[in-house]
Amino acid sequence: MTLRSLKQIIPALETSDGAGVRIKRSIGQQPSVRLDPFLMLDEFGSVDAADYIAGFPSHPHRGFETVTYMIEGHMLHEDHLGNRGNLRNGGVQWMTAGRGIIHSEMPQQEEGVMRGFQLWLNLPAADKMTKAGYQDFQPEQIPEIGFEGGTLKLIAGSVVVDGKPHEGAVSERSTRPLYADIHLDAGGQLSLPVPAGHNGMLYLYEGGASLGDVALKKSAANILGDGDRITITAGSSGARILLIAGKPIGEPVVQYGPFVMNTKEEIEQTLRDYRDGRLTA
Ligand code: FE
C-alpha cells in the first residue's frame, strides 16, 4: 500500500461562460491544464442572480461527457433528443455528447443560491462518435455511505469504505471514473483506495482538510501523486471535498470550444457537420 501525497495545486480562476455565468475553473483553464481523462472542472456558486441568470442557452457538444452536480439550486436541461431534466439540490445530470448533442441549461430561479459543479469527462477515440445519451439522477438515487466521522455521496465508480465495497450511481465507463462528494465532520478522517495508475484530484469547497499532513487548498484542483490510497482529515470546521479520479486515456486531445476530438481534421469535420446540421445526425 502506498499513500498518495499532494503532487500539484491548480487554483481555480474566475471566468465566465455560457451567456455570462460566473464560474471558477481549475482543470481546463488552459489546454495544458488537464488531468486525463478529465478535461474541465467548473465550480459555480453565487447568491447573486446576476452571476447565473443568463444560463447556458442552446449550444452543441461532441466527443465527451458532461457531469453536472447541483449542490443547491434549480436548472432545467433540454436537448435535441427531447430530454427535459430538472436538476435540483443534490441531483446529478450525466450527459454523453458522443457524436453530437445540442442542449441548453437554464436557471429556473430568479433569486437565491445557485451552487454546483460541472465536470467534463473525455471519451476515448473508440467512443467519441457513440450515440448521444442523457441520464438524470435525483438525490435519493445517489448512494450515500456513512462512516465514522462523515458521509460520502457516490456519484460514479466504486469505493471500499471500512472494508465494504459500494457502487455509485454511474459505472460502465472505460475510464472507470470515480466521483465522490465527501463530507467530513470536524476532525473527521477517511481513508480510501484510489486505484494505482489512475489520475485523481481533491477539490475542497467548504471548510478545511489535509491529505496526509499537507493542507488542501480551497477552490483548487489538488492533484494526487502516485499511490493506491488516500487519507484525508478535516480541520476544526469540517470539510466538503470532491474526490475525482479515473483511468487516463493517453490519446491526443484537440479541443475547439465545445468539441473535443483527437485530431485537427476531426475538429474541422465537426465544424462542417455542425454548420450543415449534421452534428447530431
Ligand atoms: Fe453544455
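One can find the structure itself at the top, above this paragraph.
Reference entry: report on the structure contained in this document. This structure is a prediction, so every number in the text was calculated from the model and none was measured.

### Regarding the coordination of the iron ion
Okay, step 1: Around the iron ion, the protein contributes the donor atoms His59 (NE2), His61 (NE2) and His103 (NE2), which lie 2.1 Å from the metal centre.
Okay, step 2: Counting gaps between the donor residues of the iron ion yields the pattern H-x1-H-x41-H. Taken together, the residues histidine 59 in strand β5 (residues 56-61) and histidine 103 in strand β10 (residues 101-107) connect sequence positions 44 residues apart.
Okay, step 3: Look at histidine 59 and you get buried, because its relative accessible area is 17%.
Okay, step 4: Take histidine 103: its relative accessible area is 1%, and that puts it in the buried class.

### A short note on the nonpolar core
Okay, step 1: The biggest cluster of nonpolar side chains holds 28 residues, and the ones touching the most others in it are Phe117, Tyr179 and Met201.
Okay, step 2: Every element with two or more residues in this core is listed here: β4 (38-46), β6 (64-72), β9 (92-96), β11 (114-122), β14 (150-156), β19 (199-211), β21 (220-224) and β22 (229-246).
Okay, step 3: Ignoring any residue separated from it by four or fewer positions in sequence, one finds tyrosine 179 in contact with Val67, Tyr69, Phe117, Leu119, Lys153, Leu154, Ile155, Ala156, Leu242, Leu243 and Ile244.
Okay, step 4: Ranked by size, the runner-up nonpolar core spans 27 residues in total, among them Ile182, Leu192, Leu216 and Leu224.

### Regarding the environment of aspartate 17
Okay, step 1: As for its position among the elements, aspartate 17 is in strand β2 (residues 13-17).
Okay, step 2: For aspartate 17, a relative accessible area of 32% corresponds to the partly exposed category.
Okay, step 3: The sequence separation of aspartate 17 and tyrosine 52 amounts to 35 residues, and the corresponding C-alpha distance is 9.8 Å.
Okay, step 4: Setting aside anything within four residues of it in sequence, one finds aspartate 17 in contact with Ile23, Arg25 and Phe56.

### Observations regarding the packing of aromatic side chains
Okay, step 1: Summed over the entire model, instances satisfying the criterion amount to five aromatic pairs.
Okay, step 2: Here the aromatic rings of tyrosine 69 and tyrosine 179 are separated by 6.3 Å at their centres, their planes lie at 85°, and the arrangement is edge-to-face. Placement of the pair is tyrosine 69 in strand β6 and tyrosine 179 in strand β17 (residues 178-184), with a sequence separation of 110 residues. The two residues tyrosine 69 and tyrosine 179 agree in class, both being buried.
Okay, step 3: Residues phenylalanine 117 and tyrosine 203 carry aromatic rings whose centres are separated by 5.5 Å and whose planes lie at 80° to one another, so their mutual orientation is edge-to-face. Taken together, the residues span a long stretch of sequence, with phenylalanine 117 in strand β11 and tyrosine 203 in strand β19 at a distance of 86 residues.
Okay, step 4: Put simply, the rings of Phe117, Tyr203 and Tyr205 touch in pairs and so form one group of aromatic residues.

### Regarding the sheet that holds strand β8 (residues 84-88)
Okay, step 1: If you trace the four strands from one edge of the open sheet to the other, you get β5-β10-β7-β8, paired in antiparallel fashion. At either end of the open sheet lies a strand with only one pairing partner, and these are β5 and β8. Between one strand and the next, the sheet's axes are offset by a mean angle of 20°, whatever the strand orientation.

### Description of the sheet that holds β4
Okay, step 1: Here seven strands make up an open sheet; going across it, the order is β2-β3-β4-β11-β6-β9-β12 and the pairing antiparallel. For this open sheet the edge positions go to β2 and β12 (133-137), each flanked by a neighbour on one side alone. Averaged over all pairs of adjacent strands, the angle between their axes in this sheet comes to 20°, without regard to strand direction.
Okay, step 2: Note: β4 against β11, eight bridges, orientation antiparallel. In the strand pairing of β11, serine 46 is matched with methionine 114.

### A word on unusual backbone geometry
Okay, step 1: The omega angle of the peptide bond from aspartate 36 to proline 37 is 10°, so this bond is cis rather than trans.
Okay, step 2: Along the chain, proline 37 falls in the loop between β3 (21-25) and β4.
Okay, step 3: Look at aspartate 162: it is not a glycine, yet its phi comes out positive at around 50°.
Okay, step 4: Secondary-structure assignment places aspartate 162 in the loop between β15 (158-161) and β16 (164-167).
Okay, step 5: We note that glutamate 172 has phi near 60°; this positive angle belongs to a residue other than glycine.

### Overview of the pattern of salt bridges
Okay, step 1: Applying the stated criterion across every chain, the model contains 13 salt bridges.
Okay, step 2: The partner of aspartate 42 in a salt bridge is arginine 25, with the nearest N and O atoms 2.7 Å apart. Highlighted residues: aspartate 42 in strand β4 and arginine 25 in strand β3, separated in sequence by 17 residues.
Okay, step 3: In this structure aspartate 42 comes out as buried when scored by relative accessible area, which is 5%.

### Side note on the side chain of aspartate 51
Okay, step 1: Among the secondary structure elements, aspartate 51 is positioned in the loop between β4 and β5.
Okay, step 2: Owing to a relative accessible area of 15%, aspartate 51 belongs among the buried residues under this scheme.

Cut-offs applied
- Residues numbered from 1 in each chain as written.
- Predicted model: local features only at pLDDT ≥ 70, side-chain atom pairs only at ≥ 80, totals over all residues.
- Heavy atoms only, no water.
- Donors = N, O, S within 2.8 Å, 3.2 Å for Na, K, Ca; no water.
- Helix = DSSP H or I, 4+ residues; strand = E, 2+ residues; numbered from the N terminus.
- Buried < 20%, exposed > 50% of the residue type's maximum accessible area, 1.4 Å probe, protein only.
- Core = buried A, V, L, I, M, F, W, Y, C linked by side-chain atoms within 4.5 Å.
- Contact = heavy atoms within 4.5 Å.
- Phe/Tyr/Trp six-rings, centres within 6.5 Å; stacked < 30°, edge-to-face > 60°.
- Pairing = 2+ DSSP bridges.
- Axes fitted to C-alpha atoms, helices over the stretch in contact; angles between N-to-C directions.
- Salt bridge = Lys/Arg side-chain N within 4 Å of Asp/Glu carboxyl O.

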